[in-house]
Amino acid sequence: MNRLTRRIGDASARRPWVTIGAWVAALALVLPLAGLVGGSFVDDLVAPGSQSEKAMELLEDRFPEASGGSAVAVFAVPEGERIDRHRPAVEAAVDRIADVEHVATVTDPFTGGTVSPDGRIGYVQVTFDVPPMKVHPRQIDALSDAIEPVRGDGVVAELGGDAVFINAETPTSGAEAAGLLSALVILVVAFGTIVAALVPIALALVAVAAGLGSIVLLAHATDVSTAAPTIGAMIGLGVGIDYALFIVARCRENRAAGQDNSTALSNAMSSSGAAVLFAGGTVVVAMSALALTGLGFLTSIGLSTSLVVLFAVATALTLLPALLSLLGDRIHKARRHRWLRMRRAEKSENPVNPESPEQTAWWRFAHRVSGRPWPYLLAGSAVLLALAIPALRMETGFPDAGNDATSTTHRRAYDLLAEGFGPGFNAPLLMVADLRGPGVDAAGIPELARRVADDPGIASVGEPRFSTAGDTVVLLVLPTTAPADAATSDTLERILGVIPDNVAVSGLTAMTDDLTRQLTDTLPVFIAAILVVSFLLLMLVFRSVAVPLKAAVMNLLSIGGAYGVVVAVFQWGWLGGLFNLHETMLIASPLPTIFFAVLFGLSMDYEVFLLSRVREEYDATRDPTESVARGMAVTGRVITSAALIMTVVFLSFVANPSPLVKMMGLGLATAIVLDATIVRMVLVPASMALLGRAAWWLPRPLDRRLPRIAVETVESVDTVESDESDDLPSPPEPTPAPTARIS
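Residues numbered from 1 in each chain as written. Predicted model: local features only at pLDDT ≥ 70, side-chain atom pairs only at ≥ 80, totals over all residues. Heavy atoms only, no water.

1. A closer look at the environment of valine 628
So, point 1. Here valine 628 is to be found in helix α22 (residues 624-652).
So, point 2. When the C-alpha positions of valine 628 and glutamate 493 are compared, they lie 55 Å apart, and in sequence the two are 135 residues distant.
So, point 3. If we skip the residues at most four places from it in the chain, valine 628 touches Val614, Pro685 and Met688. (Helix = DSSP H or I, 4+ residues; strand = E, 2+ residues; numbered from the N terminus. Contact = heavy atoms within 4.5 Å.)

2. Concerning the pattern of salt bridges
So, point 1. Counted according to the given criterion, the structure contains 29 salt bridges.
So, point 2. For lysine 134, the salt bridge is made with aspartate 223, and the minimal N-O distance between the two is 3.7 Å. With lysine 134 in the loop between β3 (121-128) and α6 (137-151) and aspartate 223 in the loop between α9 (194-221) and α10 (228-256), the pair connects residues that are 89 residues apart, well separated along the chain.
So, point 3. The class for aspartate 223 is partly exposed, based on a relative accessible area of 34%.
So, point 4. In this structure, arginine 250 engages glutamate 616 in a salt bridge whose closest nitrogen and oxygen atoms are separated by 3.5 Å. Remark: glutamate 616 occurs in helix α21 (residues 590-621) and arginine 250 occurs in helix α10; sequence separation between them is 366 residues.
So, point 5. The exposure class of arginine 250 is buried, given its relative accessible area of 6%.
So, point 6. Look at glutamate 616 and you get buried, because its relative accessible area is 4%.
So, point 7. Overlapping salt bridges, with partners in common, bring together Glu148, Arg151, Glu158 and Arg412 in one network. (Salt bridge = Lys/Arg side-chain N within 4 Å of Asp/Glu carboxyl O. Buried < 20%, exposed > 50% of the residue type's maximum accessible area, 1.4 Å probe, protein only.)

3. Some remarks on the pairing of β3
Within a regular beta strand, the side chains point alternately toward one face of the sheet and then the other, so they alternate between its two faces.
So, point 1. Judged by how many residues are buried, β3 sits mostly within the fold: seven of eight residues are covered.
So, point 2. The sheet contact formed by strand β1 (residues 70-76) and β3 spans seven bridges and is antiparallel. Residue pairing across strands places phenylalanine 75 opposite glycine 122, the latter belonging to β3.
So, point 3. Relative to β3, strand β2 (residues 103-106) runs antiparallel, the two being bridged by three bridges. Bridging from a neighbouring strand, threonine 105 pairs with threonine 127 of β3. (Pairing = 2+ DSSP bridges.)

Below, the structure is given as structure tokens:
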């Protein structure tokens with residue numbers, strides 16, 4: 001692997017302008033093509049094999065006019081007024097809505113009886129001739145344009161309903177730019193030069209731009225979730241900056257050790273470049289595993305995020321060495337104040353090299369932990385377990401329109417409908433009966449409707465609608481509670497318990513409940529698959545049994561802690577005001593699954609970067625304690641900087657109005673903080689000290705049979721004289737040249 005990344009880096013560095021030109025041409029091709037032929041985003045919320053899918057297929061096959069998506073145009077006037085005073089303006093809006101493409105039917109609130117008892121709120125029911133997931137954003141925009149003139153008449157007009165909620169574009173907050181600015185500040189502090197700080201930011205932006213363009217093109221070929229671009233951008237920014245950071249830092253380290261620019265870059269691509277390739281591959285494997293859930297929208301999120309991560313790896317391995325070769329010493333030179341240079345000159349007379357690993361706080365702290373491993377291991381584990389306790393009470397479900405920001409039209413429509421017609425109006429259920437199958441027949445439909453209406457959680461059951469052939473019947477059922485309310489799910493369960501086998505229930509609440517059930521059932525299989533694959537990959541790379549087992553356990557602890565924090569904030573409301581939360585909400589059902597894939601992949605990044613250096617030192621010294629201390633000493637600042645960058649990037653997404661994105665941002669930021677502090681600084685040195693040489697044990701039969709994935713760190717140190725030596729860090733004390741083969 002190291003030879004591959006060295007060759008790629010060397011080739012890019014030898015022809016920098018060709019490499020840069022190729023990337024410019026790729027962006028110039030992908031981005032305009034995405035704008036021309038790219039598809040739109042849609043959430044496929046149907047769980048394969050579920051009863052809600054059965055109902056939807058039955059409607060599409062036999063009763064297509066009842067299977068179309070629906071929207072609601074809501075009109076309201078201030079307290080004390082009546083909506084019928086504005087009847088001409090509302091009826092004109094109804095006529096404009098009827099002319100929108102794919103609109104099949106439109107009701108009139110004044111003739112259809114859809115005005116609230118106080119006469120202040122009325123709604124227009126809009127039915128499309130395509131399923132709700134197939135309604136294009138163009139149609140939603142056209143509906144918005146149709147009701148806009150009514151607002152000029154002093155009427156509040158909003159759009160809601162399943163089709164609008166499902167197809168709403170995921171909004172952005174603008175705080176992502178603040179996250180990038182914070183990342184730039186961290187990089188400037190870490191590198192001491194603006195040039196070195198700007199390079200990782202630039203590469204991350206290129207990777208995200210290319211990745212998002214590819215996601216739009218993917219949406220042309222298949223259904224892609226509306227959350228995919230946001231999650232892809234979130235992960236892409238984090239890993240894009242981090243991957244470039246690790247390579248630039250290793251290149252500067254090699255340069256400080258006396259290597260010339262080309263040798264330092266080549267060796268950095270061989271060592272850190274190989275680690276980037278492996279780490280990125282781990283993230284891709286973890287995200288691709290989302291396909292194991294069998295859910296289309298999660299599969300699309302996994303594939304989309306994998307695309308962005310692949311571009312991040314590609315830019316780090318090709319575009320980065322091209323830029324570094326052009327920048328030359330400018331990537332290494334840091335502008336220091338005069339007094340700093342004077343102080344460095346004074347220290348140069350000191351026989352103890354201040355830049356050596358033994359003089360860092362990381363080295364001293366690692367030895368402190370290694371000296372008393374049990375107390376540190378138990379204390380660190382106790383903290384993570386305490387944070388994970390709320391996760392035991394996690395309640396999952398799908399956020400409804402009532403959880404979205406009040407700046408969105410579907411949230412305002414949701415509130416108006418709940419105010420005028422009750423909270424259950426926003427959770428309609430469609431009960432579909434197949435009269436060809438055994439069970440209820442046409443004569444038994446009224447009795448079935450009565451039994452359902454007798455349930456205390458049901459507000460009303462509509463009149464039955466028969467298909468043209470008379471073999472399918474649909475009843476609209478309105479519960480008394482909101483879509484995301486646990487009581488609504490309980491009501492649905494009771495209904496499913498009394499209906500015969502030839503009846504199924506659809507509607508957004510029924511579909512999301514089926515999705516939640518399938519996610520709960522597949523999560524253990526999903527987690528087990530990722531753990532097994534990651535264990536095998538780490539065992540191949542590090543030739544060890546204990547190291548991958550330790551990594552899996554510690555990653556589970558940090559992920560559990562992040563789960564607990566998300567539950568405490570969103571479900572229990574702790575510190576909710578700090579994150580602009582005004583109400584508690586269920587944890588989004590897809591979150592634990594997406595969360596695990598992302599966090600396991602990202603935490604493996606730090607595991608690979610740290611342990612590859614630890615193994616390098618171990619092969620050079622054969623001292624298990626000292627190798628951990630030196631590995632932490634040479635990677636501590638870089639990993640900490642990378643973790644800080646990830647944290648600020650993820651925290652910037654907490655300001656996003658979408659509940660799912662908000663949860664993702666907070667959870668990912670929490671997990672990265674826990675992973676970079678408690679896990680890497682405390683649990684790793686403590687556990688490695690307890691394991692000793694056994695940490696690197698692999699049974700000989702396995703060693704002989706397993707293929708070798710080498711992340712070699714063989715580096716020739718070519719000391720060169722440079723006029724810029726005053727601007728480079730002092731070289732460390734000489735150590736035995738490592739010839740480690742992590743294989």
